[in-house]
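Per-entry structural report
In case you want the letters, here they are:
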Amino acid sequence: MGPGPAADGDRDRRVDGGAVNRRGFLAGLGAAAAGAVGYGGLRVADLRPYDPDAPADRLAADATPRERVLAAIRHLFAADHRAVTRVRVLDDWTGDAPYRLTRHRELHEHSRRRHTHALTTFGNGMVLADREPDGVDPRTACPYATIDAVLHFSDAVLADPETLPERFVFHVDDGTLAVDRDAPAQAVGEPVTVDGGYAGRTPVRDYPRVMFGEPIRPHRATWREHDRTGRTVTYELSGPDAYARAVPLYSPGGIDLREGSRLRATLDRETGRLRRVVDRRVLDADVGVEERDVRSVELRLETAFDRYGEATAPRPRGSFGGVDARDRLAGLLNDLSTY
């Protein structure tokens, strides 16, 4: 479920995207049911019969900084945890920077196969520079690679500024994806809440697979130690070429990364778990309508990781709408075939 060991090939600083291939994210139900009644019962009960080791337990004493960072990322795909990302625009061409762009709260309860994302978009200054249909594509500076987060961001930054902030919640469990595209206001420390105003539920089998995207993907770029304290160690990767190899980017028409782009990953020295990722993204974006007009953008994405082994992702408070018997059966089959 986590990132594989494959390495990225050499790339220049031009990062091309393109339309999302939705077939690539489809989740199959699987052909085989549980082989044993006891294990099948655990699956249906949303319980997994293992406790993932800490990353440090699986690493050699002489592991490189890159190996340590990637081990910490893989751990995110096995261990229950919370992640909160805050994105600010530090500089752009609008004259409004710096300003708060988005916040993304993720609750991952892998032990029960439940996941909740709560996104809020606060500003849309970059696309206000040109609101023509052929003008700025809002995804040019999208900070996310997760498909549902991309869709939310695209909708929000093209919205009437009077409607901001806009909030989006999606939750996966029991073989279904539940969404509320107009969720109520909620703080990071509060339970995730929906109100059903613009919401619904969809069987996962009929929907592009929800991508719980890693903040750092498998790569061969070089990290170096940046800072060390009694409890943590921070590694840094810098430069547009190395950055392009390591960071999952989504852009429909391509972006040019610039010098100054870098990543800093802070790990717990004892467990090897990821505590924080600070992403400084400096890029050139073509915002022209009929002719090329390149402007610079600088984003700061800071993600804090905590509640390892303790985070829960229960169904958000409120209602998404009903699920019929067929969808409940699909959820049951998904439980039996997923693990």
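Remember, it's a predicted structure, so these values are computed and weren't measured experimentally.

Scanning the chain from N- to C-terminus turns up six helices and 13 strands. Per-residue burial over the chain gives 48% buried out of 339 residues. Summed over all atoms, the accessible surface of the chain reaches about 16,200 Å², with 45% contributed by carbon and sulfur.

What follows concerns the confidence of the model for the chain. The pLDDT averaged across the chain works out to 75; a share of 67% of its residues lies at or above 70. Segment residues 1-47: pLDDT under 50, and 98 contacts once partners within four positions in sequence are set aside and those in other chains are kept. Predicted confidence is poor over residues 323-333, with pLDDT under 50, and the contacts of this stretch with residues over four places away or in other chains come to 13 contacts.

Time to look at the side chain of threonine 121. Looking at the secondary structure, you find threonine 121 in strand S4 (residues 114-121). Among the polar contacts listed, one links the side chain of threonine 121 to the side chain of histidine 152, at a separation of 2.9 Å. Other than its neighbours up to four places away in sequence, threonine 121 contacts Leu101, Thr102, His152, Phe153, Ala156, Val157, Leu164, Pro165 and Glu166.

Turning our attention to empty space enclosed by the protein. The final tally for this structure, using the stated rule, is four cavities of 30 Å³ or more. Forming the walls of the second largest cavity are Arg103, His104, Arg105, Ala118, Leu119, Thr120, Arg167, Val169, Gln186 and Val188. Of all the elements in the fold, those that place two or more residues in the lining of the second largest cavity are strand S3 (99-109), S4 and strand S5 (166-173). Class assignment of the residues belonging to the lining of the second largest cavity gives a composition of four nonpolar, three polar and three charged.

What follows concerns the nonpolar core. Within soluble globular proteins, side chains that are nonpolar generally end up buried alongside one another. Residues Ile216, Trp223, Leu263, Ala265 and Leu274 are the most contacted members of the largest nonpolar core, which totals 52 residues. Contacts of isoleucine 216, omitting those with residues within four sequence positions, involve Val69, Leu70, Ile73, Trp223, Ala246, Pro248, Leu263, Ala265 and Val277. Counting nine residues, the second largest nonpolar core, distinct from the first, contains Leu107, Ala118, Val192 and Ala313.

What follows deals with the side chain of histidine 81. Within the secondary structure, histidine 81 is located in strand S2 (residues 81-91). With a relative accessible area of 3%, histidine 81 lands in the buried category. With sequence-adjacent residues up to four places away left out, histidine 81 is seen in contact with Leu76, Glu106, Leu107, His108, His110, Phe305, Asp306, Arg307, Tyr308 and Ala311.

Right, let's talk about the environment of histidine 117 for a bit. In this structure, histidine 117 sits in strand S4. Accessibility expressed as a relative area gives 0% for histidine 117, which makes it buried. Spatially, the C-alpha atoms of histidine 117 and arginine 105 are 5.7 Å apart, while their sequence positions differ by 12 residues.

A word on the pattern of salt bridges. On inspection of all chains with the given rule, the structure shows 13 salt bridges. Between aspartate 53 and arginine 58 there is a salt bridge, with its nearest N and O atoms 3.4 Å apart. For aspartate 53, a relative accessible area of 37% corresponds to the partly exposed category. Close ionic contact of glutamate 298 with arginine 280 constitutes a salt bridge, the shortest N to O distance being 2.8 Å. In this pair, glutamate 298 is assigned in strand S13 (residues 294-306) and arginine 280 in strand S12 (residues 274-286), connecting sequence segments 18 residues apart. A residue is classified by how much of its surface remains accessible, and arginine 280, at 25% relative accessible area, is partly exposed.

Time to look at helix H4 (residues 147-157). Across the 11 residues of H4, nine count as buried, placing the element largely inside the fold. Of all the residues in H4, the buried ones are Ile147, Asp148, Ala149, Val150, His152, Phe153, Ser154, Ala156 and Val157.

By the criterion of burial, strand S11 (residues 262-268) is predominantly enclosed, with five of the seven residues buried. Pairing of strand S9 (residues 232-238) with S11 involves seven bridges; the strand directions are antiparallel. When the bridges of S11 are listed, valine 233 appears paired with leucine 267. The antiparallel pairing of S11 with S12 creates a hairpin that spans five residues between the two strands, and glycine 272 there sits at a positive phi of about 80°.

Here a ring pair, both rings aromatic, is described through the centre-centre distance and the interplanar angle of the planes. Within the structure shown, the criterion is met by one aromatic pair. Pairing phenylalanine 168 with phenylalanine 170 gives two aromatic rings, centres 5.6 Å apart and planes at 35°, and the pair type is tilted. The pair formed by phenylalanine 168 and phenylalanine 170 is uniform in burial state, with each residue classed as buried. Positioned above the aromatic ring of phenylalanine 122 is the side chain of arginine 100, whose terminal nitrogen or guanidinium carbon lies 3.6 Å from the ring centre.

What counts and how
- Residues numbered from 1 in each chain as written.
- Predicted model: local features only at pLDDT ≥ 70, side-chain atom pairs only at ≥ 80, totals over all residues.
- Heavy atoms only, no water.
- Helix = DSSP H or I, 4+ residues; strand = E, 2+ residues; numbered from the N terminus.
- Buried < 20%, exposed > 50% of the residue type's maximum accessible area, 1.4 Å probe, protein only.
- Areas by Shrake-Rupley, 256 points an atom, 1.4 Å probe, with all protein chains shown as cover.
- pLDDT = per-residue confidence, 0-100.
- Contact = heavy atoms within 4.5 Å.
- Polar contact = N/O pair within 3.5 Å; in protein donor to acceptor, adjacent residues only side chain to side chain.
- 1 Å grid on protein atoms, 1.4 Å probe; cavity = no way out; pocket = protein on both sides within 12 Å on 5 of 7 lines; lining within 4 Å.
- Points joined across faces, edges and corners; volume = space filled by probe spheres on them.
- Nonpolar A, V, L, I, M, F, W, Y, C, P; charged D, E, K, R; others polar.
- Core = buried A, V, L, I, M, F, W, Y, C linked by side-chain atoms within 4.5 Å.
- Salt bridge = Lys/Arg side-chain N within 4 Å of Asp/Glu carboxyl O.
- Pairing = 2+ DSSP bridges.
- Phe/Tyr/Trp six-rings, centres within 6.5 Å; stacked < 30°, edge-to-face > 60°.
- Lys NZ or Arg CZ within 6 Å of the ring centre and 35° of its normal.

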